[in-house]
Amino acid sequence: MPTLNWIGKEAVVKHHKEVPFRLLEPVPELSCDKVGAGETANGAAANGNLIVQGDNLHALKALLPRYAGQVKCIYIDPPYNTGNEGWVYNDNVNSPEIRRWLGEVVGKEGETLDRHDRWLSMMYPRLVLLRRFLTEDGVILISLDDVETGHLRLLLDEIFGFKNRIATIVWNTRNTDNRIKSHLSPDHEYIFVYGKSGSARIEGRVIDRSDFKNPDKDPRGPYVTDPLKGKATASERPNLHEYNMAQSGTKNIWKPDPAKGWITDRAGYERLLAEDRIWWPPNPATGWPRKKRFLSETQERMPASSFWSEFKSQSGARELDEILDERVFAFPKPLPVIQRVISYCAPPGSLVLDSFAGTGTTAHAVLRQNAEDGGNRRFILVEMDEHIAQNVTAERVKRVASGYTSAKGNTVEGLGGGFQFCRLSAEPLFTAEGQIRTDVTFAQLAEFVWFAETGTGFTGTADSPLLGVHEGRAIYLLYNGILKDKSIAGGNVLTGPVFDVLPKFAGPKVIYAAANRMGGRAAREGITFKQTPYALEV
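The rules behind these values
- Residues numbered from 1 in each chain as written.
- Predicted model: local features only at pLDDT ≥ 70, side-chain atom pairs only at ≥ 80, totals over all residues.
- Heavy atoms only, no water.
- 1 Å grid on protein atoms, 1.4 Å probe; cavity = no way out; pocket = protein on both sides within 12 Å on 5 of 7 lines; lining within 4 Å.
- Points joined across faces, edges and corners; volume = space filled by probe spheres on them.
- Helix = DSSP H or I, 4+ residues; strand = E, 2+ residues; numbered from the N terminus.
- Nonpolar A, V, L, I, M, F, W, Y, C, P; charged D, E, K, R; others polar.
- Pairing = 2+ DSSP bridges.
- Axes fitted to C-alpha atoms, helices over the stretch in contact; angles between N-to-C directions.
- Contact = heavy atoms within 4.5 Å.
- Buried < 20%, exposed > 50% of the residue type's maximum accessible area, 1.4 Å probe, protein only.
- Phe/Tyr/Trp six-rings, centres within 6.5 Å; stacked < 30°, edge-to-face > 60°.
- Lys NZ or Arg CZ within 6 Å of the ring centre and 35° of its normal.
- Parallel < 35°, antiparallel > 145°, perpendicular 65-115°, else oblique.
- Expected span 1.5 Å × (residues − 1).
- Core = buried A, V, L, I, M, F, W, Y, C linked by side-chain atoms within 4.5 Å.

## Comments concerning the layout of surface pockets
- When its volume is computed, the second largest pocket comes out at roughly 480 Å³.
- Considering each element in turn, the lining of the second largest pocket owes the most residues, 4 residues, to helix 12 (residues 442–454).
- The class makeup of the residues in the lining of the second largest pocket is 13 nonpolar, 9 polar and 4 charged.

Below you can see the structure in the form of structure tokens.
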């Protein structure tokens, strides 16, 4: 398979492993917990939703121990690298080429000739980490225009696999711009869709049940009629038959018309007629015979088109202006675009991640879709800029969750839900000497231990030294007084007396502790000992 090379690639291929683990620090005064109509209360996460302010590479690394393998749908809208965005490459990579880039604003082609290399170096480690968040049947969707399209395609093939390409959605973003000097207006963008594995798929569009009617009281219930060139096969289209349809009895007669592409298929027509599956218009002037398609025989979801023409990019700005007093992006994504992504790719109960959160459209789309179909989807947003995260991302989600007064003075009812706002800890989980920070709690370390051992997010309660059982082995952590005693005899060190009071498990056991003083008994008890913090370099 062809691969892509660029300046700095060797330095960033494994850069995600060098990024230190940090902790998420809740900020109660910026959080929103919906407790009633129009009311909010600062505090814990509402419905499991999360907004994180901080560099998205460090934020993703911090989120992995909790959410690895649990996200059904990732949507990101990264910098398009048009040369007009002014984004900064900040990743601290120990490479001479990249060291020269650090902190520099990426400009136009003539100003920074290596801007495509920087974009690829920025995207690569983030995509590698994002893949680890997906469930096996999860999907990632990435918005982009033509500038980096070819590069991104090869990058995604390398990280997600060519065989896991699902689709490329073409979004008609606007009507033709007559100001374009080339006389060819770029009126579209792309949304690239890849899966974690071969089991990934798009859920498809939900059928609109209101389209199904029963004007003739058919005992089989509501139906729709396929149009002239609709979904019925050629052999099933009663309007395409060559012979006179006078045999329809008292119904009107439709004469054969070669100009309309009539074909000969008497058997197909007679079958539909015998099954009473033909809808006859009151007279020829009002339409043509059509095949009935009953709701009871229709799948709940139908295939989704890869060409979207219903949404224009300008509508996103108008939506945001109605909610907030401040606009920081010229063309934020329209809410219906992201809601369609959610409805197609995130079934009720799933987790949605957006690590380039911007104006918070993804969270808004999740809350609106939940309100429409009664789902309980959750979202995780990451926004780097402190001002945007607080005053745009979080403020928008807070208003749409709790209700607000629009710019036109209209009262807009809240969609429900809320979120916990977090920042990244200034100091990593481990000190410069490789030791665990003294203020790290048992619950916080438990997430990292579970992730180091299983590669999946920790969903336990962290109230017992037995964190859980994974693939037939029990995983234990002795740390920070979980046994209510920090002494050697009963705290962080594995000894015979400590082992005797641990929750029992008959199979193999993995025990993380500061030291092992059980001697040969550990092997006889089926224990694999791992020393903290040294065994936690994941």
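## Comments concerning the sheet that holds strand 20 (residues 466–470)
- What the 4 strands build is an open sheet, ordered 20-21-23-25; its pairing is mixed. Only two strands of the sheet have a single neighbouring strand rather than two, namely strand 20 and strand 25 (527–531). Neighbour to neighbour, the strand axes of the sheet diverge by 20° on average, direction disregarded.
- For strand 21 (residues 473–477) and strand 23 (residues 509–513), the ladder comprises 4 bridges, and the chain directions are parallel. Bridged to Ala474 within strand 23 is Lys509.
- Along the sheet, helix 12 contacts strand 20, strand 21, strand 23 and strand 25; its crossing angle with strand 21, the most-contacted strand, is approximately 145°.

## Observations concerning the environment of Leu156
- By the element assignment, Leu156 lies in helix 6 (residues 149–160).
- Residue classification places Leu156 among the buried positions, given a relative accessible area of 0%.
- In this structure, the C-alpha to C-alpha distance between Leu156 and Val193, residues 37 residues apart in sequence, is 9.5 Å.
- Leu156 has contacts with Leu127, Ile142, Gly161, Phe192 and Tyr194, leaving out every residue within four places of it along the chain.

## Comments concerning the packing of aromatic side chains
- The full count for this structure, using the stated rule, is 9 aromatic pairs.
- Pairing Phe160 with Tyr194 gives two aromatic rings, centres 6.2 Å apart and planes at 55°, and the pair type is tilted. Linking Phe160 in helix 6 with Tyr194 in strand 8 (residues 188–195), this pair joins segments that are 34 residues apart in sequence. Here Phe160 matches Tyr194 in class, with each residue buried.
- Pairing Tyr223 with Phe294 gives two aromatic rings, centres 5.6 Å apart and planes at 65°, and the pair type is edge-to-face. A residue pair is termed long-range when its members are at least 10 positions apart, and Tyr223 in strand 10 (residues 223–225) and Phe294 in strand 12 (residues 290–294) qualify at 71 residues.
- Here the aromatic residues Phe21, Phe448 and Phe451 are joined through ring pairs into a cluster of three or more.
- Between Lys61 and the ring centre of Phe21, over which it is positioned, the NZ or CZ distance is 4.6 Å.

## A closer look at the packing of helix 3 (residues 56–67) against helix 12
- Direction vectors running N to C along helix 3 and helix 12 enclose 80°, while the axes themselves pass 8 Å from each other. Judged by the inter-axis angle, helix 3 sits roughly perpendicular to helix 12. Where helix 3 approaches helix 12, its residues Leu64, Pro65 and Arg66 are matched on the opposing element by Glu447, Phe448 and Phe451.

## Considerations on helix 6
- The end-to-end C-alpha separation of helix 6 is 16 Å, in line with the 16 Å expected for 12 residues at 1.5 Å each.
- The complete set of buried residues in helix 6 reads Thr149, Leu152, Arg153, Leu155, Leu156, Asp157, Ile159 and Phe160.
- Elements in contact with the buried residues of helix 6: helix 5 (115–133), strand 6 (134–144), strand 7 (165–172) and strand 8.
- Two residues or fewer after helix 6 comes Gly161, characterised by a positive phi angle close to 100°.

## Considerations on the pairing of strand 4 (residues 50–53)
- Burial along strand 4 is two-sided: the face carrying Leu50 and Val52 and the face carrying Ile51 and Gln53 are both buried.
- Two elements, strand 4 and strand 16 (residues 378–383), share 4 bridges in a ladder whose sense is parallel. Bridge pairing in strand 16 links Leu50 to Ile380.
- Across 4 bridges, the pairing between strand 4 and strand 19 (residues 420–424) is parallel. Note that in strand 19 the partner of Gln53 across the bridge is Arg423.

## Observations concerning the pairing of strand 8
- Of all 8 residues in strand 8, 7 are buried, a share of seventy percent or more.
- Where strand 6 meets strand 8, 6 bridges bridge the pair, whose relative direction is antiparallel. Paired with Val139 across the bridge in strand 8 is Gly195.

## Quick look at the nonpolar core
- Ranked by internal contacts, the top residues of the largest apolar core, which has 78 residues, are Leu63, Ile74, Leu127, Phe133, Ile140, Leu467 and Leu477.
- Sort the elements by how many residues they give to this core and helix 5 lands first, with 10 residues.
- Discounting residues that sit within four places of it in the chain, Ile74 has contacts with Leu130, Phe133, Leu134, Val139, Ile140, Leu141 and Leu353.
- In this structure, Leu141, Trp308, Ile323 and Ala363 belong to the second largest nonpolar core, which totals 44 residues.

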